[in-house]
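# Examination of the molecular architecture
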Amino acid sequence: MNEQQGGIIPSVLTETQNDEILSFAAELVRCSGESGKERNCAEAVRRKMEDLGYDQVLTDEYGSVLGVLRGSGSGPTLLFDGHTDVVPVREPDKWTHDPYGGEVSEGRLWGRGSTDMKGALAAMVCAPAFMDRRDFSGTILVSASVAEEMLIGTALDHVLQNHPADAVVIGEPTGLKLGNAEKGRASLEMICHGTVAHSSRPDLGDNAIYRMMEAARRIRSLPRRSHPVLGEEVIELVELSSLPAPGNGSIPGRCRALWECRLLPGESEEEFLLRWHQALEGVGRTELRIAEYSIDAYTGHTMKMQDFLPGWTGDEESRGLLSLAADALRAAGRGVEYYAAPYGCNALVSAARRKIPTVILGPGDISAAHKPDESLLIQELQDAAAVYSTLSRNLMRLRTVS
């Protein structure tokens, strides 16, 4: 086995193997499943891993499936992660293809999740497993994680807690650009308190909505942080409600707002909240707290998250993974272009929280995700599979290029 220029051994997937990846991707699209309802997709992944001869296939308490491939010798551990859940089909009348049909036509795979991100998941499950175990050293982990659309990073955090990795590849759609930076996210609850009174005598009450109007004005005027790669942070009001409701005849004594934020690197939760508290000085009777979310997994266990995940950019420790991924792209005949992800994904846990070298690298255009007639170019799916296979074959180089 001869190494190519630069020490990279390129993957050559056969037509039969590419057809198998496409067929499996279509099967996964047909497995509808929103967050907490991914059982069918998870079981399909488990069956496929077993059929492909994975050394070990595990399902954890939340329902994420983890496949283990062990090479011929010791070496680093590389984890590929793709989520199994999808967002609901909204505006069904605007779809011209069956959202869960897994139709292949016009050089594309059509359906909910084709881009986000069952195409990438199929490539991650299949491509490394097609290798002869003698062709690589180290360990390949493939994580089919649950509930990413609702509880970003929660399932992957659990996987990594039990199965540490030296490097992580997240298959979110980047158009096969190298994602080496990402905005973080936070949801912040703001609750303004007042005093209930009859609406005919507002002078006897304290209208919580008016207090909220002033608080919201101040937050909208809050100076935004900026970053040379990721741009400006986002702070946006997305929900507003008051009590009592319905409000007929009453001055509201409570008003709740939910703010969605896209965060930049370098700011802790405490620093973030301090900016808000300082902006709200003098408003009075106002609470701030990071929102907490939970869902019941399809296994019956409850998953929880506190929605504060800082942004990140690639550091020196991730240089080796980026170099290896860039070489794998070149070996697949692709150009190398870097990408700052404007969305949040599981990399916010692997890269920002756990400080593991991470790259976001997947087929598809994020602008097609969550929309009617979501689709994925088959050629891009095949290129992604070649890149994942080449990364796996050259895993030992993580030590030499770091």
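These remarks concern the structure in this document. (Residues numbered from 1 in each chain as written. Predicted model: local features only at pLDDT ≥ 70, side-chain atom pairs only at ≥ 80, totals over all residues. Heavy atoms only, no water.)

## Quick look at the sheet that holds strand β23 (residues 375-377)
- With antiparallel pairing, the three strands of this open sheet are ordered in space as β4-β5-β23. The two strands at the open ends of the sheet, each matched to only one other strand, are β4 (104-105) and β23.
- Note: β4 against strand β5 (residues 108-110), two bridges, orientation antiparallel. Its bridge partner lying in β5, V104 is registered against L109.
- Packing of helix α3 (residues 114-126) onto the sheet brings it into contact with β5 and β23, and relative to β23 it is tilted by some 50°.
- Where helix α9 (residues 378-393) meets the sheet, it contacts β4, β5 and β23, and its direction lies at approximately 65° from that of β23. (Pairing = 2+ DSSP bridges. Helix = DSSP H or I, 4+ residues; strand = E, 2+ residues; numbered from the N terminus. Contact = heavy atoms within 4.5 Å. Axes fitted to C-alpha atoms, helices over the stretch in contact; angles between N-to-C directions.)

## Examining the side chain of D157
- One can find D157 in helix α4 (residues 154-162).
- For D157, the contacting residues outside a window of four places in its chain are V349, R353 and R354.

## Description of the packing of aromatic side chains
- Counting across every chain of the model gives five aromatic pairs.
- Between W259 and W276, the aromatic rings sit 5.6 Å apart at their centres with planes inclined by 80°, giving edge-to-face as the arrangement. Of this pair, W259 sits in strand β15 (residues 254-263) while W276 sits in helix α6 (residues 269-279), placing them 17 residues apart in sequence. The exposure classification of W259 matches that of W276, with both residues buried.
- A ring pair is formed by F272 and W276, whose centres lie 5.7 Å apart and whose planes are at 55°; its orientation type is tilted. Of this pair, F272 and W276 both sit in helix α6, four residues apart, roughly one helical turn.
- Classification of W276 by relative accessible area gives buried; the value is 0%.
- Put simply, the rings of W259, F272, W276 and F308 pair up and form one aromatic cluster.
- Seen from the ring of F24, K48 lies directly overhead, with NZ or CZ sitting 5.6 Å from the centre. (Phe/Tyr/Trp six-rings, centres within 6.5 Å; stacked < 30°, edge-to-face > 60°. Buried < 20%, exposed > 50% of the residue type's maximum accessible area, 1.4 Å probe, protein only. Lys NZ or Arg CZ within 6 Å of the ring centre and 35° of its normal.)

## Digging into the pairing of strand β17 (residues 292-296)
- Sheet topology note: the β17/strand β18 (residues 302-306) ladder contains five bridges and is antiparallel. Bridging from a neighbouring strand, D296 pairs with T302 of β18.
- Count of turn residues in the β17/β18 antiparallel hairpin: five residues, of which G300 carries a positive phi of about 100°.

## Focus: the environment of D135
- Tracing the chain through its elements places D135 in the loop between α3 and β6 (139-145).
- We classify D135 as partly exposed; its relative accessible area is 23%.
- Measuring from C-alpha to C-alpha, the distance between D135 and G300 comes to 40 Å, with 165 residues separating the pair along the chain.

## Details of a nonpolar patch on the surface
- Residues I209, Y210 and M213 make up a contiguous nonpolar surface patch of roughly 330 Å² in combined accessible area.
- By the secondary structure assignment, Y210 is in helix α5 (residues 208-220). (Patch = residues over 30% accessible without salt bridge, like charges linked within 9 Å, V, L, I, M, F, W, Y side chains within 5 Å. Areas by Shrake-Rupley, 256 points an atom, 1.4 Å probe, with all protein chains shown as cover. Salt bridge = Lys/Arg side-chain N within 4 Å of Asp/Glu carboxyl O.)

## Some words on unusual backbone geometry
- Cis peptide bonds are those with omega within 30 degrees of zero, and the linkage from D116 to M117 qualifies with -5°.
- For M117, the location among the structural elements is in helix α3.
- Along the chain, A245 connects to P246 via a cis peptide bond; the corresponding omega equals 0°.
- For L176, which is not glycine, the phi torsion reads 60° and is therefore positive.
- Of note, L176 is situated in the loop between β7 (167-170) and β8 (178-182).
- According to the relative accessible area criterion, L176 is buried, its value standing at 2%.

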